[in-house]
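As a plain string of letters, each chain reads:
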Amino acid sequence: MAEDERTDPELYASVYQALPIQAKRRARRLGWIFSVAAVALLPWIVYLAISLPRRDLDTHYRAAWVGFDCLLVFAIVRTAYMAFRVDLRVQIPAAATATLLIVDAWFDIATSDGRAAILQALLLAVFFEIPAAVFSIYVSRQVSHQVLLLAGHGGSPTGAPESEPGTDPRGGPQRPTG
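Heads up: these notes are all about the structure in this document. Please read all numbers here as calculations on a predicted model, not as lab measurements. (Residues numbered from 1 in each chain as written. Predicted model: local features only at pLDDT ≥ 70, side-chain atom pairs only at ≥ 80, totals over all residues. Heavy atoms only, no water.)

### Some details on the overall build of the protein
Moving on, step 1. A count of helices and strands for the protein gives 5 helices and 0 strands.
Moving on, step 2. When the helices and strands of the protein are listed from N to C terminus, the series reads α-α-α-α-α.
Moving on, step 3. Looking at the protein residue by residue over its 178 residues, the buried ones come to 31%.
Moving on, step 4. Sequence-distant contacts in the protein: of pairs separated by 6 or more residues, those separated by 24 or more amount to 61%. (Helix = DSSP H or I, 4+ residues; strand = E, 2+ residues; numbered from the N terminus. Buried < 20%, exposed > 50% of the residue type's maximum accessible area, 1.4 Å probe, protein only. Contact = heavy atoms within 4.5 Å.)

### Quick word on the environment of Thr-99
Moving on, step 1. Within the secondary structure, Thr-99 sits in helix α4 (residues 91-110).
Moving on, step 2. Residues Thr-99 and Ser-136, 37 residues apart in the sequence, show an inter-C-alpha distance of 9.0 Å.

### A few points about the nonpolar core
Moving on, step 1. Leu-72, Ile-76 and Val-139 are the most contacted members of the largest nonpolar core, which has 27 residues in total.
Moving on, step 2. Contributions of two or more residues to this core are made by α2 (21-51), α3 (61-84), α4 and α5 (115-150).
Moving on, step 3. Of all the elements, α3 adds the most residues to this core, at 11 residues.
Moving on, step 4. Every residue in contact with Leu-72, bar those within four places of it in the chain, is listed here: Leu-41, Thr-97, Leu-100, Leu-101 and Asp-104. (Core = buried A, V, L, I, M, F, W, Y, C linked by side-chain atoms within 4.5 Å.)

### Some details on a nonpolar patch on the surface
Moving on, step 1. Among the surface-exposed residues, Leu-119, Leu-123, Val-126, Phe-127 and Phe-128 lie close enough to one another that they form a single nonpolar patch of about 540 Å² accessible area.
Moving on, step 2. Within the element layout of this structure, Leu-119 appears in helix α5. (Patch = residues over 30% accessible without salt bridge, like charges linked within 9 Å, V, L, I, M, F, W, Y side chains within 5 Å. Areas by Shrake-Rupley, 256 points an atom, 1.4 Å probe, with all protein chains shown as cover. Salt bridge = Lys/Arg side-chain N within 4 Å of Asp/Glu carboxyl O.)

### Regarding the packing of aromatic side chains
Moving on, step 1. Scanning the model with the defined rule gives 4 aromatic pairs in all.
Moving on, step 2. Seen in terms of ring centroids, Trp-32 and Phe-84 are 5.2 Å apart; in terms of plane orientation they differ by 85 degrees. Their pairing is edge-to-face. Of the two residues, Trp-32 is situated in helix α2 and Phe-84 in helix α3; the sequence distance between them amounts to 52 residues.
Moving on, step 3. Under the relative-accessibility criterion, Phe-84 is labelled partly exposed at 26%. (Phe/Tyr/Trp six-rings, centres within 6.5 Å; stacked < 30°, edge-to-face > 60°.)

### A few points about the pattern of salt bridges
Moving on, step 1. Using the criterion set out here, one finds 2 salt bridges in the structure.
Moving on, step 2. Here Arg-85 makes a salt bridge to Asp-87, at a shortest N to O gap of 3.3 Å.
Moving on, step 3. Asp-87 sits in the buried class, given a relative accessible area of 4%.
Moving on, step 4. Ionic contacts of the salt-bridge type, sharing partners, join the residues Arg-85, Asp-87 and Arg-89 into one network.

### Considerations on α5
Moving on, step 1. Helix length check: α5, at 36 residues, gives a terminal C-alpha distance of 50 Å against a target of 52 Å (1.5 Å per residue), a fit within 8%.
Moving on, step 2. Bending of α5 peaks at approximately 45 degrees at the position of Ala-125.
Moving on, step 3. What α5 keeps buried is the set Ala-121, Ala-125, Glu-129, Ala-133, Ser-136, Val-139, Ser-140, Val-143 and Leu-148.
Moving on, step 4. Lining the buried residues of α5 we find α2 and α4. (Expected span 1.5 Å × (residues − 1). Bend = angle between axes of the 7 residues up to and from the residue.)

Structural data, given as structure tokens:
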């Protein structure tokens, strides 16, 4: 069977075998970190479902926030699941998790009513949501870099593949200058 004709399970099994043991351990730790985050959000969702006010302007205010946080939990759980599997596609749900966390922080602040609520939203954003989003982006970037390394492209410090001598870094032959 040709290299590019392998099925996904075969491809991921070969990639898994190629990973050093410390990379596998790191991936499993990431799985635990994201699992704990998902479980920690569950009581928060219940609290929101009970405590958020019903607003006259938006009859589904409470449902919107609870639904959004459930979507966030799904993204975190998916990231944890793929990290446990040491699946290189973990970068996709990690990026989605980061995006949802940043959006959550923004709307928590923007929809806060009163000084105490704004302060609470700012504290949650600064100490939890934004650092978790940065961590998720870091995970996504590290996995992307690892994919490049495993694909045999090496990698520059910026994470972009290094170009071959005589080629333009954007691809194709180098254009003569002068």
